[in-house]
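The primary structure of each chain is shown beneath.
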Amino acid sequence: MFTGIVEELGAVVAFEGKDAGASLTVACSSVLVDASIGASIAVNGACLTAVDIASHQFSASLAPETLKRTNLGSLRPGDSVNLERPTRAHGRLDGHFVLGHVDATALIYSLDPLGDENWWLRLCLPQDLSRYVVSKGSLAVDGISLTVAEVENDLVSFTVIPYTYDHTTLSRYHPGSRVNLEVDILAKHLERLIADRLHRS
């Protein structure tokens, strides 16, 4: 489990497509401090397993489903990625509950300056995810925990503070960029519980 608080920007060293899936190598430092082979690391919000670790990089295998659901398949050497280690049970939950299970990708509609280095980000929500997104709720965007400021039809908007803009991949994006989305897992559980109750009544 993660929190959506990005610890480090990594850089893609290599991306190798295979007959089924792919292999991804990322250069980084902070997230490797206490990592071992088999450790989970969120890359742009997708939980990956480190299958090889060197002094300043790690490699992970990408399953076909991961490539289908995320934007990781479009990564190329030199691209920046958001990285986060799993949260510890005794640690602070500074963002929100993020599982690292990407639901879908979305396109950035606009990213406009608000003044004082703040930004207004708007995304086009996939129709089947819109029911899980509410004003003042949380949404993981490429692994970044963001608070929803406004929802209008299929557009969801966020205010991005200077620190988040400077320390994540958001500063490298533009309209048309594709980002990973993970909706709040609590909303999914509530929907299932209510549906089951209605079905039984």
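Everything quoted here is computed from the prediction, not taken from an experiment. (Residues numbered from 1 in each chain as written. Predicted model: local features only at pLDDT ≥ 70, side-chain atom pairs only at ≥ 80, totals over all residues. Heavy atoms only, no water.)

**Digging into the nonpolar core**
Proteins that are soluble and globular tend to have nonpolar side chains buried together.
Piece 1. By size, the foremost hydrophobic cluster in this structure holds 26 residues, and its most contacted members are L121, L123, L139, V141, F158 and L181.
Piece 2. Counting only elements with at least two residues in this core, the list comes to β7 (104-115), β8 (118-124), β9 (138-141), β10 (144-147), β12 (155-160) and β13 (178-183).
Piece 3. Considering each element in turn, this core owes the most residues, four residues, to β7.
Piece 4. Ignoring anything within four residues of it in the chain, the contact list for L181 reads V102, D103, A104, A106, L123, L125, P126, L129, L139, A140 and V141.
Piece 5. Counting 20 residues, the second-largest nonpolar core is a separate cluster that includes L24, C28, I41 and A46. (Core = buried A, V, L, I, M, F, W, Y, C linked by side-chain atoms within 4.5 Å. Buried < 20%, exposed > 50% of the residue type's maximum accessible area, 1.4 Å probe, protein only. Helix = DSSP H or I, 4+ residues; strand = E, 2+ residues; numbered from the N terminus. Contact = heavy atoms within 4.5 Å.)

**Examining the sheet that holds β9**
Piece 1. Spatial ordering of the open sheet is given by β10-β9-β13-β7-β8-β12-β11, a layout of seven strands whose pairing is antiparallel. Because the sheet does not close on itself, it has two edges, and the strands there are β10 and β11 (150-152). In this sheet, adjacent strand axes meet at a mean angle of 35° when their direction is disregarded.
Piece 2. The sheet contact formed by β7 and β8 spans seven bridges and is antiparallel. When the bridges of β8 are listed, P113 appears paired with W119. (Pairing = 2+ DSSP bridges. Axes fitted to C-alpha atoms, helices over the stretch in contact; angles between N-to-C directions.)

**With respect to a nonpolar patch on the surface**
Piece 1. Residues M1, L93, F97 and L186 make up a contiguous nonpolar surface patch of about 360 Å² in total accessible area.
Piece 2. You can see L93 is positioned in the loop between β6 (80-84) and β7.
Piece 3. The exposure class assigned to L93 is partly exposed, which follows from its relative accessible area of 39%. (Patch = residues over 30% accessible without salt bridge, like charges linked within 9 Å, V, L, I, M, F, W, Y side chains within 5 Å. Areas by Shrake-Rupley, 256 points an atom, 1.4 Å probe, with all protein chains shown as cover. Salt bridge = Lys/Arg side-chain N within 4 Å of Asp/Glu carboxyl O.)

**Regarding the packing of aromatic side chains**
Piece 1. What the rule picks out here adds up to one aromatic pair.
Piece 2. Where W119 meets Y165, the ring centres are 4.4 Å apart and the plane angle is 10°; that geometry is what we call stacked. With W119 in strand β8 and Y165 in helix α2 (residues 162-166), this pair connects stretches of sequence that are 46 residues apart.
Piece 3. W119 gets classed as buried once you look at its relative accessible area, which sits at 18%. (Phe/Tyr/Trp six-rings, centres within 6.5 Å; stacked < 30°, edge-to-face > 60°.)

Shape is all these values report; function is a separate question.
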